[in-house]
Amino acid sequence: MLPHRDRSALRKIEEELAASDPDFVAALSAGAPPVRSRTWLTTLILADVTVVLMIVVGLLAGSTGMFLWGLVTIPVLVWIHRSILMRKRDHTADDAKA
């Protein structure tokens, strides 16, 4: 825990920053997703596109193996998407409580 003097100094700095640049304070409060999270999301979207292409090409070309692997992969991707969605909901609910 910080001493009263330090807390008051920090509070004064925060107030001055909020008064001088409210957009900056809003951006800091909202935060940006980390680079690792964006990379994971990009990889997941590419996997979704790949599975759809596997199913379409498997159907059009008559490649049973490609079609079946596409169908087998769909539940895995749905599970990953639901896990990410639930984690975001939990994180948002925790932020709302705090």
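Please read these numbers as outputs of a predicted model, since none were measured by experiment.

Across its full length, the chain holds four helices and zero strands. Reading the helices (α) and strands (β) of the chain from amino to carboxyl end gives α-α-α-α. For the chain, buried positions account for 8% of its 98 residues. As displayed, the chain offers around 8300 Å² of accessible surface, 68% of which is attributable to carbon and sulfur atoms.

Further remarks concern a nonpolar patch on the surface. Residues L41, I45, V49 and L53 make up a contiguous nonpolar surface patch of about 350 Å² in total accessible area. Assignment of secondary structure puts V49 in helix α3 (residues 35-61). What makes V49 partly exposed here is its relative accessible area of 44%.

Judged by nonpolar contacts, L44, V51, I55, L77, I80 and I84 together constitute the single largest core of six residues. Where this core is concerned, the elements lending two or more residues are α3 and α4 (64-97). Ignoring anything within four residues of it in the chain, the contact list for I84 reads W40 and L44.

Okay, the confidence of the model for the chain next. Per-chain confidence: the chain averages 85 in pLDDT, with 88% of residues scoring 70 or above. Of all helices and strands in the chain, the one with the weakest mean pLDDT is helix α2 (residues 22-30) (75), whereas α3 scores best (91).

Looking at the element boundaries, S20 is found in helix α1 (residues 4-20). Classification of S20 by relative accessible area gives exposed; the value is 57%.

Cut-offs and rules
Residues numbered from 1 in each chain as written. Predicted model: local features only at pLDDT ≥ 70, side-chain atom pairs only at ≥ 80, totals over all residues. Heavy atoms only, no water. Helix = DSSP H or I, 4+ residues; strand = E, 2+ residues; numbered from the N terminus. Buried < 20%, exposed > 50% of the residue type's maximum accessible area, 1.4 Å probe, protein only. Areas by Shrake-Rupley, 256 points an atom, 1.4 Å probe, with all protein chains shown as cover. Patch = residues over 30% accessible without salt bridge, like charges linked within 9 Å, V, L, I, M, F, W, Y side chains within 5 Å. Salt bridge = Lys/Arg side-chain N within 4 Å of Asp/Glu carboxyl O. Core = buried A, V, L, I, M, F, W, Y, C linked by side-chain atoms within 4.5 Å. Contact = heavy atoms within 4.5 Å. pLDDT = per-residue confidence, 0-100.

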